[in-house]
Amino acid sequence: MMKVRAMTMNNKQNGAVSLFIVIFTTLLISIITVAFIRIMLSDQRQATASDLSQSAYDSAQAGVEDGKRALLDYQAECAKGQAECATAKALMDSTECNKALSKLIPGGYVANQEVMVKKNLADNNVLQQAYTCVKINLLTDDYIGTLSKDGSKLVPLVGVSAFDTVQLEWFNAKDLSGSSTTIDGLSLASPSLLSQSNWTSAAMPNRPSIMRSQLMQFGTGFTLADFEDVNSSGQSNANTLFLYPSSILPGITNNFTENARKVASPGPVNIHCEGSLASGGYACKATLRLPTPIGGGDRTAYLRLTSLYKVAHYKVKLLNGITDVKFDGVEPSIDSTGRANDLFRRVQSRVEVVDTNFPYPDAAVDTTNTFCKNFLITDRASDYSNSCVTP
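As the structure is a computational prediction, the values presented were derived from the model and not from experiment.

> How would you sum up the environment of Ser209? Please name residues and give values.
Within the secondary structure layout, Ser209 lies in the loop between helix 3 (196–199) and strand 6 (210–218). On the basis of relative accessibility, which here comes to 0%, the residue Ser209 falls in the buried class. Taking the C-alpha atoms as reference points, Ser209 and Tyr309, 100 residues apart in sequence, are found 5.5 Å from one another. The contacts of Ser209, once residues within four sequence positions are left out, are Trp170, Phe171, Trp199, Leu243, Pro245, Ser307, Leu308, Lys310 and Ala312.

Pasting the structure below:
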């Protein structure tokens, strides 16, 4: 009898262990399954959010593109006359969402109502995409851009009021090489133009570019000689300065009256650059006082910038003395908010506006390689040669 009881108790213990193992295994499998489902649902939510975010961004970009069309329409209206231009400008200056685009919106404009993004008018917009608010600002605090190595840009200097000073900043964190924020090659030594290999090297990868700045301006009237010669008052309507990165003290104003393209003296001008970009902003800042146009009158001016040796991001500001002057219609800002379902994205873009009634050339020829130009007048085909001869 004792042996039978012992066997019964042992069987009960084995059954309890088996039950415990089954319960533990079931719990473990349940936990793994729930965790897997949570990961799967999380990934699905992230994928959906990513798709909606991209769709909302695309909707915002659609608003930017319509903003560009509105700017072209504004130019066309201003070409018709003052009355038409005033009406178009009132639309552009409105702070009401999408008001500047009212002439372009299919089906008519409704105040502060979003504009659905569709492939065509018959599209039912199953993705629920729209841009909810587009505003265009013709007046901007500055003009920003990027110059490639040895690249040039012509910036129209058009302000909302009179100005006599241009503030130029260049070389920011986007132009740095590697993780270092230290600016290289700054000194008070006499500026010199070095070879490309000597300007930047492994020891000095973050040396800012030299900025060649050229001013072209005229007043109420002008002659071609005003852009070539210096008059009896020492004035010229075309001046060039080579702005050289240096450790010179900040806050110095340089007069834009020298013409370095015609005379060797005084040569490159030392411009203060910060020793580090750890706090952001631009490394180099030049304040340039503009001369009065020959003959006086309202100033029409252009600033041509060329970044020598390196790529450079830059910013241009207008001032009247020490007072900031906004740019007027030179690089408008388009603020667009897009929607996809219940997710929103906002985009702010700068758009360069070129006056179609007064187009200006950037360069007749712009090349960094060999340029060959042959002229030959002949009536014999054998005199023609399609190869350049190096002198």
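> Requested: an account of the sheet that holds strand 15 (residues 343–350), with residues and values cited.
One open sheet accounts for four strands, arranged 1-2-14-15; its pairing is antiparallel. Each of the sheet's edge strands pairs with one partner strand only, and the pair in question is strand 1 (115–116) and strand 15. One ladder, built from 10 bridges, connects strand 2 (residues 129–140) with strand 14 (residues 327–340); its direction is antiparallel. Bridged to Ala130 within strand 14 is Arg339.

> Describe the pairing of strand 2, and please don't skip the residues or the numbers.
For strand 2, the buried fraction is high: nine of the 12 residues fall into the buried class. Two elements, strand 1 and strand 2, share two bridges in a ladder whose sense is antiparallel. Paired with Met116 across the strands is Ala130, a residue of strand 2.

> So what's going on with the sheet that holds strand 11 (residues 300–308)? Residues and values would help.
Reading across from one edge, 4-11-6-7-9 is the order of the five strands in this open sheet, with mixed pairing throughout. Taken across any chain shown, the strands that pair with only one partner, and hence form the sheet edges, are strand 4 (152–157) and strand 9 (269–272). Ignoring strand direction, the axes of neighbouring strands in this sheet form an average angle of 30°. Where strand 4 meets strand 11, six bridges bridge the pair, whose relative direction is antiparallel. Across the sheet, residue Lys153 finds its bridge partner in strand 11, namely Leu305.

> Tell me about the state of the cysteines, and please be specific about residues and values.
Inspection of the entire model under this criterion finds three disulfides. The disulfide partner of Cys78 is Cys85, and the S-S distance across this bridge is 2.1 Å. Because the sign of the S-S torsion sets the handedness, a value of about 65° for the bond joining Cys78 and Cys85 places this disulfide among the right-handed ones. Residue classification places Cys78 among the partly exposed positions, given a relative accessible area of 24%.

Thresholds applied
- Residues numbered from 1 in each chain as written.
- Predicted model: local features only at pLDDT ≥ 70, side-chain atom pairs only at ≥ 80, totals over all residues.
- Heavy atoms only, no water.
- Helix = DSSP H or I, 4+ residues; strand = E, 2+ residues; numbered from the N terminus.
- Buried < 20%, exposed > 50% of the residue type's maximum accessible area, 1.4 Å probe, protein only.
- Contact = heavy atoms within 4.5 Å.
- Pairing = 2+ DSSP bridges.
- Axes fitted to C-alpha atoms, helices over the stretch in contact; angles between N-to-C directions.
- Disulfide = S-S within 2.5 Å.

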